[in-house]
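# A look at the structure
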Amino acid sequence: MDISLATWNINSVRLRMPLIEKFTAEFKPDVLCLQEIKCRNDDFPEKPLRKLGYEHFAINGQAGYHGVAIASRIPFHDVSIREFCGKGDSRHVSVALGPEKKPVVVHNFYVPAGGDEPDTAKNEKFAHKLDFLTEMTDWFGDPKAAHSDRMILVGDLNIAPLETDVWSHKQLLKVVSHTPVEVEHLSRVQASVSWQDAVRTHISPDEKLFTWWSYRARDWVTADRGRRLDHVWLSPGLGDACTTIDVVKDARGWQKPSDHVPILARLSL
DNA sequence: ATGGTGGTCCTACCA
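The structure contained in this document is the topic of the report that follows. (Residues numbered from 1 in each chain as written. Chains lettered and ligands numbered in written order. Predicted model: local features only at pLDDT ≥ 70, side-chain atom pairs only at ≥ 80, totals over all residues. Heavy atoms only, no water.)

In the vicinity of DNA strand B there are 17 residues, among which S12, R16, Y110, Y215 and R216 approach most closely. Each atom of DNA strand B within 4 Å of the protein was assigned to sugar, phosphate or base; sugar and phosphate come to 67%. Interatomic distance of 3.0 Å between a side-chain N/O atom of R16 and a phosphate oxygen of DNA strand B. At 3.4 Å from a phosphate oxygen of DNA strand B is found a side-chain nitrogen or oxygen belonging to K256. Tallied by class, the residues present in the surface near DNA strand B amount to six nonpolar, four polar and seven charged. (Near = heavy atom within 4 Å. Polar contact = N/O pair within 3.5 Å; in protein donor to acceptor, adjacent residues only side chain to side chain. Nonpolar A, V, L, I, M, F, W, Y, C, P; charged D, E, K, R; others polar.)

Written out as structure tokens, the structure is:
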């Protein structure tokens, strides 16, 4: 089974339907994983998505903030939502794709951004971010959770782990998203099931690579002060199933853009 | 240099 899967922090799904139309027309992903949909389940734009061929939905919405969803051309089963840190935030949804006998579980995450100050004593949002990552590590590492050995983890993890994942390693060492303590927490999540970073398998870690550019820059193209906050990871059971990765940088320049761009992964399962 | 912009839903809060 060959499938293509995209992950995109859309920053309000209702406002960005024209962008989703443009992106899906050009890249035709079978599975679309969205973060920051910023709407309730009932307000999710199922109708226009159905017209684009996405007829299967797994939505974990929330009014105003956060919210994740999976829209798919391929039927799925076992929709599951996990709540993290007992906060009632909508930051995870998963589905099982393909044959019931040998499914592939897709986990779609929106990790907390963590506020401005990288100090857990002064900033409870930063503490929440680290706690969230620890809970991810514990959950994926828990044998009782009985996770599949064929899993894809995608989403806005709000951490740029490598030096080449930010425009300036030195200048961002104390900036939330690239601090050593966050990178350490993320690497523990990664180690919990030996997740493989599919994006960096296909695009050399020597190369600067970003998926997010702030709205606050005067000229995002020229300044190019981006960060790689969005990720596609594969569990070892999927081996080298990922055949191509595209980071659609162009999307940052489209009309009324999200501050994140989509990543498209093609997989041979 | 402590702003800068953009989302939700109307007033602050979040990114």
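The description of two packed helices rests on the angle between their axes and on the distance between the axes. Across the interface, helix 3 (residues 124-141) lies against helix 5 (residues 180-192) with an axial gap of 8 Å and an inter-helix angle of 15 degrees. Taken as axis vectors, helix 3 and helix 5 run roughly parallel relative to one another. The hand of the helix 3/helix 5 crossing is left-handed. Each of F126, K129, L130, L133, T134, M136, T137, F140 and G141 in helix 3 lies in contact with helix 5, whose residues at this interface are V181, E182, H185, L186, R188, V189 and S192. Here the residues of the contact of helix 3 with helix 5 are counted per class, giving eight nonpolar, five polar and three charged. (Axes fitted to C-alpha atoms, helices over the stretch in contact; angles between N-to-C directions. Helix = DSSP H or I, 4+ residues; strand = E, 2+ residues; numbered from the N terminus. Parallel < 35°, antiparallel > 145°, perpendicular 65-115°, else oblique. Left-handed = near helix turned anticlockwise from the far one by under 90°. Contact = heavy atoms within 4.5 Å.)

A few words now on the pattern of salt bridges. Counting across every chain of the model gives 13 salt bridges. Of the charged contacts, one joins R40 and D43 as a salt bridge, the two residues approaching to 3.3 Å between their closest N and O atoms. Here D119 ties to K122 by a salt bridge, and the two come within 4.0 Å at their closest N and O atoms. K122 gets classed as exposed once you look at its relative accessible area, which sits at 64%. Linked through salt bridges whose partners overlap, the residues forming this network are D165, D197, R200 and R228. (Salt bridge = Lys/Arg side-chain N within 4 Å of Asp/Glu carboxyl O. Buried < 20%, exposed > 50% of the residue type's maximum accessible area, 1.4 Å probe, protein only.)

To continue, consider unusual backbone geometry. Trans peptide bonds make up most of the peptide bonds, and negative phi angles are found at most residues other than glycine. With a phi angle near 55 degrees, D78 is a residue other than glycine that sits in the positive phi range. Structurally, D78 is set in strand 5 (residues 76-80). Using a relative accessible area of 57% as the deciding quantity, one classes D78 as exposed.

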